[in-house]
Amino acid sequence: MNFDYKLSLLLCSFFWMVSCQSQNVIYDKEEVNNQCINDSTFVNLKQYSQDFVYDMKYATADNFLKAKVYDCGECFLRLKTVNALIEANKKFIEKGYKIKIFDCYRPLDIQKKMWKIVSNPKYVANPGKGSIHNRGGAVDITLVDRFGKELGMGTSFDFFGREASHNYPNVSEEVKQNRIVLKTIMTSSGFNSFDSEWWHYNLKSGLNDKVSNVKWECK
């Protein structure tokens, strides 16, 4: 084993240890590529793929809160969530669809702000416990076709009623098939579905990550 290789291994081990202690730090793609950053660090999805459509609802007042709670709309997630989401999107693209994103990682302070507006656990997770969104392992999504038109899913995003459930029977056959396509590919890509919300998916391997309050800079 030559000296350069030993040095490389030592540096990699050092950065790995640092990253394990700094999982709540946001890195850009260049930093991730140049270091041995682990897959629990926060990164910006846009730096890893240009194949997503965005409609970041909470960066606008077009949401059930009727309030803008993000300063700007960016999709930050743990690196492992980003990798799994990109793999899922590749499968959708093969079918002529793309993922459209409504929400990603949500800092705990934002969760507290949302809770202050709507203090009802039916609609907003109690920040005392935090949600998977606060852990960087959840996404709220739908699908669009090759013309950018959303596929019919039976309800709008953040519709809090029985009709939004995956198991709700009284929807058209087209809606059933669209939900099945979304759920089948997402669950085959490492995500769990949330029965009462057709749009919500959790990364299975992210359920035990720590709640985070790390924030990104708006540019």
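For clarity, every value in this text was computed on a predicted model and none was experimentally measured.

Asks: Would you take a moment to explain helix H5 (residues 173-188) for this structure?
Replies: Residue pairs three or four apart in sequence face the same way in an α-helix, which turns once every 3.6 residues. With 16 residues, H5 extends 22 Å between its outermost C-alpha atoms, agreeing within 8% with the 22 Å of an ideal straight helix rising 1.5 Å per residue. Listed in full, the buried residues belonging to H5 are Val175, Asn178, Arg179, Leu182, Ile185 and Met186. Buried residues in H5, looked at end-on, bunch into an arc of 145°, giving them a common side. Packing partners of the buried residues in H5 comprise helix H3 (79-94), strand E4 (98-103), strand E5 (138-144), strand E6 (191-194) and strand E7 (197-203). Gly190 sits one or two residues past H5 and shows a positive phi near 100°.

Asks: What should I look at first to understand the sheet that holds E7 in this one?
Replies: The pairing of strands in a sheet happens through backbone hydrogen bonds and is either parallel or antiparallel. As summarised here, the arrangement of the five strands in space is E2-E4-E5-E7-E6, forming an open sheet in which the pairing is mixed. Whereas interior strands pair on both sides, the edge strands pair on one side only; in this sheet they are strand E2 (53-54) and E6. In this sheet, E7 lies alongside E6 in antiparallel orientation, the contact comprising four bridges. Bridged to Asn192 within E7 is Asn202.

Asks: Just checking my understanding: could you explain the state of the cysteines for this structure?
Replies: Here a disulfide denotes one covalent bond, and it connects the sulfur atoms of two cysteines. What the rule picks out here adds up to two disulfides. Across a sulfur-sulfur distance of 2.1 Å, Cys72 and Cys218 are joined as a disulfide pair. Its S-S torsion of about -90° marks the bond between Cys72 and Cys218 as left-handed, since a negative value means left-handed. On the criterion of sequence distance, the pair formed by Cys72 in the loop between E2 and strand E3 (76-78) and Cys218 in the segment after E7 is long-range, its members being 146 residues apart. Classification of Cys72 by relative accessible area gives buried; the value is 16%.

Asks: How do you make sense of the environment of Gly130 when you look at a structure like this?
Replies: Relative to the assigned elements, Gly130 resides in the loop between helix H4 (108-117) and E5. Each C-alpha atom, one on Gly130 and one on Lys210, is 9.3 Å from the other, the two residues being 80 residues apart in sequence. Contacts of Gly130, omitting those with residues within four sequence positions, involve Arg135 and Val211.

Asks: So what exactly am I meant to see when it comes to the packing of aromatic side chains here?
Replies: Two descriptors summarise a pair of aromatic rings, namely the distance from one centre to the other and the angle between the planes of the rings. Taken as a whole and judged by the stated rule, the model has 13 aromatic pairs. Judged by centre distance (6.3 Å) and plane angle (65°), the rings of Tyr58 and Phe157 are edge-to-face. Taken together, the residues span a long stretch of sequence, with Tyr58 in the loop between E2 and E3 and Phe157 in the loop between E5 and H5 at a distance of 99 residues. Judged by relative accessible area, Tyr58 falls into the buried class, the value being 2%. With a centroid separation of 4.5 Å and an interplanar angle of 20°, the aromatic rings of Phe102 and Phe157 are classed as stacked. Here Phe102 is found in strand E4, whereas its partner Phe157 is found in the loop between E5 and H5, with 55 residues between them in sequence. Taking NZ or CZ as reference, Lys46 lies 4.9 Å from the ring centre of Tyr54, over its face.

Asks: Could you clarify how one ought to interpret the UniProt feature "active site" (unreviewed entry) in the protein chain in this entry?
Replies: Residues given the UniProt feature "active site" (unreviewed entry) here are Glu197. In this view, Glu197 contacts Phe160, Ala164 and His166; residues no more than four positions away in its chain are not counted.

Asks: Looking at this model, I keep getting lost on the layout of surface pockets. Mind explaining?
Replies: To find leftover empty space, one rolls a probe the size of a water molecule over the atoms. Volume-wise, the largest pocket comes out at about 460 Å³. Taken together, 24 residues line the largest pocket, and the ones lying closest to its centre are Tyr123, Ala125, Phe194, Glu197 and His200. Elements represented by at least two residues in the lining of the largest pocket include exactly H4 and E7. For the lining of the largest pocket, the element with the most residues is E7, which contributes four residues. Its residues assigned to classes, the lining of the largest pocket comprises 12 nonpolar, seven polar and five charged.

Asks: Explain the confidence of the model for the protein chain here, please?
Replies: Should the pLDDT be low somewhere, the predicted coordinates at that spot are not to be read in detail. Summing up the model confidence of the protein chain, the mean pLDDT is 88 and the portion of residues at 70 or higher is 84%. Within the model, pLDDT remains below 50 along residues 1-22, and this stretch shows 14 contacts once partners closer than five positions in the same chain are excluded.

Quick notes on the rules
- Residues numbered from 1 in each chain as written.
- Predicted model: local features only at pLDDT ≥ 70, side-chain atom pairs only at ≥ 80, totals over all residues.
- Heavy atoms only, no water.
- Helix = DSSP H or I, 4+ residues; strand = E, 2+ residues; numbered from the N terminus.
- Expected span 1.5 Å × (residues − 1).
- Buried < 20%, exposed > 50% of the residue type's maximum accessible area, 1.4 Å probe, protein only.
- Arc of directions from axis to C-beta.
- Contact = heavy atoms within 4.5 Å.
- Pairing = 2+ DSSP bridges.
- Disulfide = S-S within 2.5 Å.
- Phe/Tyr/Trp six-rings, centres within 6.5 Å; stacked < 30°, edge-to-face > 60°.
- Lys NZ or Arg CZ within 6 Å of the ring centre and 35° of its normal.
- UniProt positions renumbered as here; feature names shortened; annotations may be inferred.
- 1 Å grid on protein atoms, 1.4 Å probe; cavity = no way out; pocket = protein on both sides within 12 Å on 5 of 7 lines; lining within 4 Å.
- Points joined across faces, edges and corners; volume = space filled by probe spheres on them.
- Nonpolar A, V, L, I, M, F, W, Y, C, P; charged D, E, K, R; others polar.
- pLDDT = per-residue confidence, 0-100.

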